[in-house]
Amino acid sequence: MFLKRIEIQGFKSFADKTILQFDHNITGIVGPNGCGKSNVNDAIRWVLGEQSTKSLRSGTSMTDIIFSGSEYRKPVNMAKVTLVFDNTTKVFDSPFEEIEITRQLQRSTNEASYFINKTPCRLKDINDLVMDTGLGRDSLSIITQGNISSFADAKPEERRSLFEEAAGVAKYKKRKKVSLQKLEKTKENLDRLQDILDELEHQLGPLEKQAKKAKQYKTYKEELSSIEISVLVEEIEALNEEIEAIKNTLFENNTIHVSKEASLNQQEIDIQELRKEMHALDRQINDLQGEYTKAMEESYQLEKRKVELDEKRKYRLRQADALERKDELSQMVQEARFEFEDRKNRLQRLQAELELHTKSLNMLKQKSGGIIQQNVEEQQVLQQLKNRQQVLENMIRQPFTHQQGVKAVLSARHSLSGILGVVSELLIAKDDRANAISSALQASIYHIVTKDEASAREAIGYLKRNRSGRATFLPLDIMRPRYPSKEQKVIASQSKGYLGWANESVECKEIFNDLRDRLLGNVLIIDNLVNANECAKRLRYQVKIVTLDGDIVHAGGSMTGGTNRHQSTPVTAQHELNRLKEQIEGQKIKVAHISEENRLIESKMDNETDTCMQLQIEVAKLENIFQTKKEKYESLQAEYNELVPQENTQDLQEDDIVVLMSKMHARIDEITSSISSLRKRRYDKGSMVEQLENQMRMTRREMNALQSEIHDAELQQAKKQAYLESALNRLNADYQMTYEYACEQRKEIDIEKAKDRVVELRQAINRLGNVNLDAPQQYSEIKERFDFMQGQKVDLEQASAQILQAIDEMDETMKIQFTEMFHKINKELDGIFKAMFGGGKARLSMVDPQDVLNTGIEIDVQPPGKMVKNLQSFSGGEKALIAISVLFAILQARTMPLCIFDEVEAALDQANVERFAKYLSHFSDRSQFIVVTHRPGTMEQCEMLYGITMQKDGVSKLLKVQLKDAVHILEKEES
Ligand SMILES: Nc1ncnc2c1ncn2[C@@H]1O[C@H](COP(=O)(O)OP(=O)(O)OP(=O)(O)O)[C@@H](O)[C@H]1O
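Residues numbered from 1 in each chain as written. Predicted model: local features only at pLDDT ≥ 70, side-chain atom pairs only at ≥ 80, totals over all residues.

For the rest of this paragraph, the subject is the overall build of the chain. Along its length, the chain carries 22 helices and 24 strands. The 975 residues of the chain split such that 30% are buried. Of all intrachain contacts in the chain linking residues separated by at least 6 positions in sequence, the fraction that spans at least 24 positions is 75%. (Helix = DSSP H or I, 4+ residues; strand = E, 2+ residues; numbered from the N terminus. Buried ≥ 20, exposed ≤ 12 C-beta atoms within 10 Å, placed from the backbone. Contact = placed C-beta atoms within 7 Å.)

Written out as structure tokens, the structure reads:
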């Protein structure tokens, strides 16, 4: 037998372990109502995986299927049912010959357990095992009275599952369901993946740009580091040398400063010494002045005494006789003449001296006038030079004030690309050739040199956009040099005043050589205009010639020239300024000399004026005295002549007082002369002091200049030191190198070109703006992820396509199997229907034959002699008979290993029950039947009967019964 045994324990009314053994093809289960027959049926369905409590006719919880106890029995804690199958015919896809399926449930824990051949398993394993064996949930294995009665009333779609089970497509349906779930999942994954891909794609665009930028940045940086190290080493070397040179200059200047300071100190000491001497002289002069006053007083006293003496004499004379009078008078005449002569001599001496000093004073005055005039004139010259200096400095600071376009382009040179500078900045004229070069360049002085034509166009566009004026541009890459012919060179070099070609008189960076030779290569410099004309003639007026003054003989012979003193160009301005500064320094020294000279003369003049004043006072005083003495002498002489007309007064004797007076006057003269000499000495000392002071002033000026030079040099040194540190820092920060290590890495490259390239690279790096250095890495990571996701997407799409294909295949298989089974059943139905109904006809049809997979199943029946087509209109018995006909048609079409009928024939009359029973025995060689029944007709066909009873304790009990016992039980029950 296929189902060999059922072991029930604790399930519903089977509280005790009950074993139903099946040894026959048709086993009947009989018993009174409510004894637990259908519970056997439920138990089988439960083991086969039923999850619906409703189908199991139980409460809301699955634990309700556990024996719940009765008045006389306690409830049990566990339900356990085991089905034992014979699998020798391999109904189950398992190698085992016997399959034992167990399900158990604990009340306390609501814990369900499943076993196949005593091995724990999942419910799914049981479902899989029984699928398409005919034992499935919706199969024909277990048919109840309810199923039968509802079959006819069911909707066509509800009937379909029965046919599907019969057709064995459930496994495909399940697989399709799983595939559809997979497909759904795949689609969800695809959607999610697409979202991620969209997001990644969104990030990829900007990241790719950033990565390109970062790569560009790295390329620039690599090139920069490959040359900048050498440039930095070169710079550091040059800075070290410059700093060393500045230090030397500083040392020299400091030494000079110290020596000047020492000489200044010495000069101060000298001045102090001189001042001391001057004070000493002052004291001496003062003393002599005292002595002079004293001598003058004494002289005055002597004069007074002399006057008194003379009065006494006159008195004596009046009293004396003639002889005495003659002697006395003679002596007086002598004395008066001596005095007169003495004063006269002295007066003459003083007058001569006064005249001398007056003359000297006048000369000094004259000289001073001239010097003052000269000072004014030189000061004016100095001021003019200074004014010019200011003009030039302004011009150098803002060389393109009047070239609006040039100014605008230079201001914007950092935002424009390829602006290399203005010709006047790039070509530097040698010192004495500035005028000539300026004339040779003419207007191209203000032309702007660009890297190429595109840069020029960009700059012109900028000027236009901003309405900032006009400018002329010289694209460097198309500048072709122009040179004179060999013949012109020879002729020029043999010409008088030949100073070479203009391109030889400028200095520039190597990259501007072509530009230089383009503008100046065929311009000749000749010393002056006469020679230039001569040379032009010899060159047949084919070459432009400029002179040192800036005059021009153009090719063709036209000439330009004249003065443009106040129209310096940016080319000449610096040279003129340098010259001007020298001139100003020279002029300052000149003015200082004149002022010095003027001061000296003024000082001399003061001195002379003092001396003249002193002399004038002396002369005035002496003139009075001289007049008095003269009158006195003349009057005495006249008196004496009257008395002694022939007598010679020379015989007269001198008096002592007269001698004393003469001595006194001599002394006074001596003192005056000493004072004068001392004054001279004092003046000389004063002059020396002044000279020293002048020297000190000069020294101080020089020291100030030196100090400012030292200060400038120190600033310069600090600046260079800062550059040096910045270069060293850059080496350290940018390249993690010490200077010594960098020296080893230094390459033999053209440093000038490299410097320009460094600037270009730095500008290019600046133009890049913010750079995300991680961008390439991020880009490649995201790109990798993107590509991976793309791959995944393709895989998923392929998987999805495969699933769809599998579904299509399954659909196809299901269609074929379903259609085949449907036709097979349909074919069987008509015969069985006729047999069951004793005629008539029945036919199954698909509601929608186009949609085999979903179509409902319609039944068209026509019992013999009846025209009723609507199934609803048939009686309950007829409906059951139709359903049973279909059931048997299915059994005919497909062999079922086990069928459990639970009172399916209940509604049939006796004749139909017999037909039903006959069919059972007809199928019994193919299928095993377990039939719960109350009908004797059915019981008669059963080879074995189990009776189930239930006593007061509410527990179902099993007993094997004979047919007659069963009928007896039945009759008893019915009565
Ligand atoms: N969990 C349970 N515990 C105890 N008894 C239960 C439980 N569930 C159902 N029963 C009992 O099982 C009996 C119903 O059994 P069942 O329906 O199998 O009877 P039956 O023999 O098929 O009756 P009928 O001939 O009228 O169809 C009832 O008496 C019911 O009390």
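Read on, since the account is not over.
Moving on to the pairing of strand E21 (residues 898-902). The element E21 is extensively covered by neighbouring structure, given that five of its five residues are classed as buried. Residues Leu898, Ile900 and Asp902 point to one face of E21 and Cys899 and Phe901 to the other, with burial holding for every one of them. By the bridge criterion, three bridges tie strand E8 (residues 142-144) to E21 in an arrangement that is parallel. Bridge assignment links Ile143 to a residue of E21, and that residue is Phe901. With five bridges joining them, E21 and strand E22 (residues 928-932) adopt parallel strand pairing. Among the inter-strand pairings, Phe901 is bridged to a residue of E22, identified as Val931. Running through helix H20 (residues 910-923), the crossover from E21 to the neighbouring parallel element E22 is right-handed. (Pairing = 2+ DSSP bridges. Right-handed = clockwise from strand over helix to strand, strands pointing away.)

Across the sheet, three strands lie side by side as E9-E11-E12; this open sheet has mixed pairing. Since the sheet does not close on itself, it has two edges, and those belong to strand E9 (419-422) and strand E12 (473-475), each with one partner. Geometrically, the sheet is characterised by an average inter-axis angle of 25° between neighbouring strands, direction not taken into account. Here E9 runs beside strand E11 (residues 448-450); their pairing, made up of three bridges, is antiparallel. Bridging across to E11, Gly421 finds its partner in Val449. (Axes fitted to C-alpha atoms, helices over the stretch in contact; angles between N-to-C directions.)

Here the focus is the environment of Gln203. Among the structural elements, Gln203 can be located in helix H5 (residues 170-319). Put simply, Gln203 and Gln778 are 575 residues apart on the chain and 9.9 Å apart in space, counted from C-alpha to C-alpha.

We now examine the packing of helix H6 (residues 322-397) against helix H15 (residues 656-735). In contact at an axis separation of 10 Å, H6 and H15 are set at 10° when each is read in the N-to-C sense. Put simply, H6 runs roughly parallel to H15. For the pair H6 and H15, contact is made by Glu335, Phe338, Glu339, Asp342 and Arg346 and by Val658, Ser662, His665 and Asp669, respectively. (Parallel < 35°, antiparallel > 145°, perpendicular 65-115°, else oblique.)

Grouped together as the largest cluster of nonpolar side chains are 98 residues, with contacts concentrated most on Ala43, Ile44, Phe163, Ile825, Ala883, Ile884 and Val886. Element by element, the count of residues in this core is highest for helix H19 (residues 876-893), at twelve residues. In this structure, Ile825 is in contact with Phe163, Ala166, Leu844, Ala889, Ile890 and Ala893, ignoring residues within four places of it in sequence. (Core = buried A, V, L, I, M, F, W, Y, C linked by C-beta atoms within 7 Å.)

For the rest of this paragraph, the subject is the environment of Ile545. Examined against the element boundaries, Ile545 turns out to sit in strand E16 (residues 544-547). Overall, the presence of 31 C-beta atoms within 10 Å leaves Ile545 in the buried class. Sequence separation between Ile545 and Leu524 is 21 residues, and the spatial gap between their C-alpha atoms is 4.6 Å. Not counting chain neighbours up to four residues away, the residues in contact with Ile545 comprise Leu524, Ile526, Ala532, Cys535, Ala536 and Val553.

Residues annotated in UniProt with the feature "binding site: ATP" (unreviewed entry) correspond here to Pro32, Asn33, Gly34, Cys35, Gly36, Lys37, Ser38 and Asn39. Within the secondary structure, Cys35 sits in the loop between strand E3 (26-30) and helix H1 (37-47). The residues touching Cys35, leaving out its near neighbours within four places in the chain, are Ile948, Thr949, Met950 and Ser956. Inspection of the secondary structure puts Gly36 in the loop between E3 and H1. With 26 C-beta atoms packed within 10 Å, Gly36 lands in the buried category. In this view, Gly36 contacts Lys12, Ser13, Phe14, Ile948, Met950 and Ser956; residues no more than four positions away in its chain are not counted. (UniProt positions renumbered as here; feature names shortened; annotations may be inferred.)

Below, the discussion takes up the sheet that holds strand E17 (residues 552-553). If you trace the five strands from one edge of the open sheet to the other, you get E13-E15-E16-E17-E18, paired in mixed fashion. Because the sheet does not close on itself, it has two edges, and the strands there are strand E13 (498-501) and strand E18 (559-560). Running at roughly 165° to E16, helix H13 (residues 529-538) makes contact with strand E15 (523-526), E16 and E17 of the sheet.

A few words now on the packing of helix H18 (residues 775-837) against H19. Look at H18 against H19: their axes get within 7 Å of each other, and the N-to-C directions meet at 130°. The angle between H18 and H19 falls in the class oblique. Read as a crossing pair, H18 and H19 show a hand that is right-handed. Of the residues in H19, those in contact with Met821, Lys824, Ile825, Glu828, Leu829, Ile832, Phe833, Met836 and Phe837 of H18 are Leu881, Ile884, Ser885, Val886, Phe888, Ala889, Ile890, Gln892 and Ala893. A class-by-class count of the residues in the contact of H18 with H19 yields 14 nonpolar, two polar and two charged. (Left-handed = near helix turned anticlockwise from the far one by under 90°. Nonpolar A, V, L, I, M, F, W, Y, C, P; charged D, E, K, R; others polar.)

Our focus in this paragraph is the pairing of strand E6 (residues 112-116). Two faces, one strand: in a regular strand the side chains alternate between the faces of the sheet. Pairing of strand E5 (residues 98-106) with E6 involves five bridges; the strand directions are antiparallel. Across the sheet, the residue bridging to Thr102 is Phe115, located in E6. With antiparallel pairing between neighbouring strands as the criterion, E5 and E6 make up a hairpin whose turn holds five residues, including Asn110 at a positive phi of roughly 55°. Between the end of E6 and the start of strand E7 (residues 119-121), which pair antiparallel, lie two residues, with Asn117 showing a positive phi angle near 50°.

Let us now look at the confidence of the model for the chain. For the chain, mean pLDDT is 88; residues scoring 70 or higher make up 97% of the total. Confidence drops under pLDDT 50 across residues 646-654; counting only partners more than four residues distant or on other chains, this segment forms 17 contacts. Here the complex is predicted with pTM 0.49, and the ipTM for its interfaces comes to 0.98. (pLDDT = per-residue confidence, 0-100.)

So, about unusual backbone geometry. A positive phi angle is found at Lys12, which is not glycine, with a value near 45°. Summarising the element assignment, Lys12 is placed in the loop between strand E1 (3-9) and strand E2 (18-21). Judged by local crowding, Lys12 falls into the buried class, with 24 C-beta atoms found within 10 Å. One non-glycine residue, Asn117, adopts positive backbone phi at about 50°. Position of Asn117 among the secondary structure elements: in the loop between E6 and E7.

The next point concerns helix H17 (residues 751-768). Taking 1.5 Å as the rise per residue, H17 with 18 residues should run 26 Å; its terminal C-alpha atoms sit 25 Å apart, in good agreement. Trailing H17 by a residue or two, Gly769 shows a phi angle of about 70°, which is positive. (Expected span 1.5 Å × (residues − 1).)

Its location among the elements puts Leu728 in helix H15. Taking the C-alpha atoms as reference points, Leu728 and Thr738, separated by ten residues in sequence, lie 7.5 Å from one another. Here Leu728 is in contact with Ile236 and Tyr739, once residues within four sequence places are set aside.

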